[in-house]
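Spelled out, the chains give:
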Amino acid sequence: MVTSLKSKSFQKNMLVSIGGIFMVFAICFSIYQYQREKEYKVDILHSRLQMYNYEMAQTLGVDNIENAKLFYDFVKHHNLQGLRVSVIDLKGRVLIDSQERNTNSMGNHLMRTEIQQAIKEGNGYDIKRMSQSTHETYFYSATRLGRIIIRTAVPYSAELTQSLQADNTYIYFAAALTLLLSIVLYFNTRRISRHIEYLREFAIKAEQGDTLDHELERRLPDDELGDISHTIIQLYWKLRHSEEEKTRLKRQLTQNAAHELKTPAASIHGYLESILDNPDMPEKQKQHFLERCYAQSDRMKKLLLDMSALTKLDSMDSAVASNDKELQTVDVKQVIANAIDDTMLQLNDKGIEVHLLLPEKIEIKGDQSLIYSIFRNLVDNVIAYASGATKLDIACRKTTANNKTWYDFTVSDNGVGVGNEHLDRLFERFYRVDKGRSRKLGGTGLGLAIVKNAVAVCGGTVAARHTLGGGLTISFTLMGA
């Protein structure tokens, strides 16, 4: 309910703000258009009277325009209803008037608005001014022609008043357009408000830890805003699932680690307890128990080191790992040579011959210790679990994709291999093809998990498949420098 009210408040605020701006614009436009319309009507009337003045001057001549007979005859034959014509000199004296024969009683017109404009600009007009002689309201239009000014005046009749009024048609058009735009604005703000309502509801449920379903996604409108909302929700789900997966893996690692550590710890405890409880134990048997304690403690050390490596990899940010300032150029051929040298005794004991098929130069951007852990764990995996293997092949192929250089590595053996059902799970932590094999052979069950995480931090991918002719092949990619 709170969400709905807030959403409606948002819609109301947006509608009022945008609608208010539009209304102010519409009112200002209407006022401006009204003034323009009135000025246009006044200009038309002024132009008509100006034409009358010029026609009189052209017909009578400027020098003869003061001739009373010619003046009155012209006004009589070119009379408009209620039209009054006056001839005024530049000092404001009325020389002749069509309605007042005694011009001396009319007073000086120099300060009249239309007369001042005519003297300065050649013509002028005044709107709705009362005549002092007839006490009627006129529209005046004056034209300067040399030393005289011809002024015509039209009385403000009902017909003239109506003709000078602005046309109100545009007001109805503006009102209809405002109504239409208001409806469009309402539906658009409502649509945006619905998106906000859906996202707010989803955010409140997520914050409160309520059970989230996919109903919100199904209700999202099918438009651009709906796509954005859908993307936001999808990103939330991915982030949440990622966090849940990390939590699950950490819990699983803790449980598996406790289980794995329990066996060697119990063995060490049992052997030491036997030695302490039997002080007269033969030296040969005591030596055997101590050797078994050492072997179990060595296994615990390896397990703790591998767990530490995985914890470090889990905490590494791949974005930081891909930063040139954090990484260095690694000579992979030298790293592979170091891993082979460090395990050569075990390889010889197992009768495994190493074959390298590598380009002349392999340089990548990465962490040297991580790259070493990849190849060392893969070699150790072959030594420990590739029963019957007689060779170990390490190959690399250089490729280019999206303007980036990639190196595709394969580490293969010709041992017994694994079943198809195990291939997709080999990189899981503590996963065993044979439930008791790791303990018997001294493995921790974390080697391939370390390989997977180290490759991922370096920006690559890893996979397992069967070797042609028998055995196991681990393939992975690393980005070139």
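Keep in mind that what you see is a predicted model, and the values were worked out from it rather than measured.

Peer 1: What is the right way to look at the overall build of the protein in this model?
Peer 2: Scanning the protein for helices and strands turns up 15 helices and 12 strands. For the protein, with 481 residues in total, the buried portion stands at 37%. Residue pairs in contact within the protein that sit at least 24 positions apart in sequence constitute 63% of those at least 6 positions apart. Split by element, the accessible area of the protein, about 28,800 Å² in all, is 54% carbon and sulfur.

Peer 1: How should I be thinking about the nonpolar core in this particular structure?
Peer 2: Nonpolar side chains in soluble globular proteins tend to be buried together. Counting residues in hydrophobic clusters, the biggest one holds 41 residues, and the most contacted among them are I371, I374, F375, L378, F409, L426 and F476. Of all the secondary-structure elements, those providing two or more residues to this core are α10 (332–342), α12 (368–385), β9 (391–401), β10 (404–413), α15 (447–457) and β12 (472–479). No other element matches α12, which puts 8 residues into this core. Setting aside chain neighbours within four positions, we find I371 in contact with V330, V335, I364, C458 and L478.

Peer 1: Even after reading the chapter, I still don't get the sheet that holds β12, so can you show me in this structure?
Peer 2: Sheet strands line up and pair through hydrogen bonds in the backbone, either parallel or antiparallel. Taken together, 5 strands build an open sheet; the order of strands is β7-β9-β10-β12-β11 and the sheet is mixed. Strand pairing shows two members of the sheet lacking a second neighbour, β7 (353–357) and β11 (462–466), which therefore form its edges. Each adjacent strand pair in this sheet contributes to an overall mean axis angle of 20 degrees, direction not counted. Of the pairings in the sheet, the one linking β9 to β10 comprises 10 bridges and is antiparallel in character. Across the sheet, D393 pairs through a bridge with S412, a residue of β10.

Peer 1: Can you walk me through the environment of E100 in this structure?
Peer 2: Within the secondary structure, E100 sits in the loop between β2 (94–97) and α3 (113–121). When the C-alpha atoms of E100 and S86 are compared, they prove to be 9.1 Å apart, with 14 residues separating the residues in sequence.

Peer 1: Hey, could you run me through the side chain of T152 in this one?
Peer 2: Tracing the backbone through its elements, the reader meets T152 in strand β5 (residues 148–155). Separated by 3.5 Å, the side chains of T152 and N53 make a polar contact. If we skip the residues at most four places from it in the chain, T152 touches L49, Y52, N53, L83, R84, V85, F139, Y140 and S141.

Peer 1: Sorry, what's going on with the sheet that holds strand β4 (residues 137–145) here?
Peer 2: One open sheet holds the 5 strands; their spatial order is β2-β1-β5-β4-β3, and the pairing between them is antiparallel. Since the sheet does not close on itself, it has two edges, and those belong to β2 and β3 (123–130), each with one partner. Along the sheet, successive strands turn relative to each other by an average axial angle of 20 degrees, direction set aside. The sheet contact formed by β4 and β5 spans 8 bridges and is antiparallel. What sits directly across from R144, in β5, is I149. The strands touched by helix α2 (residues 68–77) are β1 (84–89) and β2; relative to β2, the strand with the most contacts, the crossing angle is about 45 degrees. Across the sheet, α3 is in contact with β1, β3, β4 and β5; its angle to β3 comes to roughly 175 degrees.

Peer 1: Would you explain α10 in this entry?
Peer 2: One turn of the α-helix equals 3.6 residues, which is why residues spaced by three or four share an orientation. Residues of α10 that are buried: V332, V335, I336, A339 and I340. End-on view of α10: buried residues confined to an arc of 135 degrees, all on one side of the axis. For α10, the side-chain oxygen to backbone nitrogen distance between the N-cap and K333 is 3.3 Å, and the N-cap itself is D331.

Peer 1: Explain the packing of α12 against α15 to me, please; I cannot follow it from the model alone.
Peer 2: Running from N to C, α12 and α15 point in directions that differ by 150 degrees, and their axes come no closer than 9 Å. Taken together, the axes of α12 and α15 are roughly antiparallel relative to one another. Handedness of the crossing formed by α12 with α15: left-handed. Residue-level inspection shows L370, S373, I374, N377, L378 and N381 of α12 in contact with α15, the latter providing G447, L448, I450, V451, A454, V455 and V457.

Peer 1: So what exactly am I meant to see when it comes to the packing of aromatic side chains here?
Peer 2: A ring pair, where both rings are aromatic, is described by two values, the distance of the centres and the angle of the planes. Applying the stated criterion across every chain, the model contains 7 aromatic pairs. Between F375 and F409 the ring centres are 5.5 Å apart and the planes differ by 80 degrees, which places this aromatic pair in the edge-to-face class. Of the two residues, F375 sits in helix α12 while F409 sits in strand β10, which places them 34 residues apart along the sequence. The exposure classification of F375 matches that of F409, with both residues buried. Aromatic pair F375 and F476: ring centres 5.6 Å apart, planes at 65 degrees, arrangement edge-to-face. Linking F375 in helix α12 with F476 in strand β12, this pair joins segments that are 101 residues apart in sequence. Overall, the relative accessible area of 2% leaves F375 in the buried class.

Peer 1: Please explain the confidence of the model for the protein as it appears in this structure.
Peer 2: Reading fine detail from the predicted coordinates is not recommended where pLDDT is low. Per-residue confidence for the protein averages 78 on the pLDDT scale, and 76% of its residues sit at or above 70. In the model of the protein, helix α9 (residues 318–321) stands out as the element of lowest mean pLDDT, 46, in contrast to β7, which has the highest, 93. Note on residues 436–441: pLDDT is under 50 here. Beyond four places in sequence and across chains, it has 13 contacts.

Peer 1: What is the right way to read the packing of α10 against α12 from this model?
Peer 2: The axes of two packed helices give the description: the angle between them and the distance between them. Relative orientation of the contacting elements α10 and α12 amounts to 45 degrees, with a least axis distance of 9 Å. Judged on the interaxial angle alone, α12 and α10 are oblique. The handedness of the crossing between α10 and α12 is right-handed. Residues V332, V335, I336, N338, A339, I340 and D342 of α10 pack against Q368, I371, Y372, F375, R376 and V379 of α12. Residues that form the contact of α10 with α12 fall into these classes: 9 nonpolar, 2 polar and 2 charged.

What counts, and where the lines are drawn
Residues numbered from 1 in each chain as written. Predicted model: local features only at pLDDT ≥ 70, side-chain atom pairs only at ≥ 80, totals over all residues. Heavy atoms only, no water. Helix = DSSP H or I, 4+ residues; strand = E, 2+ residues; numbered from the N terminus. Buried < 20%, exposed > 50% of the residue type's maximum accessible area, 1.4 Å probe, protein only. Contact = heavy atoms within 4.5 Å. Areas by Shrake-Rupley, 256 points an atom, 1.4 Å probe, with all protein chains shown as cover. Core = buried A, V, L, I, M, F, W, Y, C linked by side-chain atoms within 4.5 Å. Pairing = 2+ DSSP bridges. Axes fitted to C-alpha atoms, helices over the stretch in contact; angles between N-to-C directions. Polar contact = N/O pair within 3.5 Å; in protein donor to acceptor, adjacent residues only side chain to side chain. Arc of directions from axis to C-beta. Parallel < 35°, antiparallel > 145°, perpendicular 65-115°, else oblique. Left-handed = near helix turned anticlockwise from the far one by under 90°. Phe/Tyr/Trp six-rings, centres within 6.5 Å; stacked < 30°, edge-to-face > 60°. pLDDT = per-residue confidence, 0-100. Nonpolar A, V, L, I, M, F, W, Y, C, P; charged D, E, K, R; others polar.

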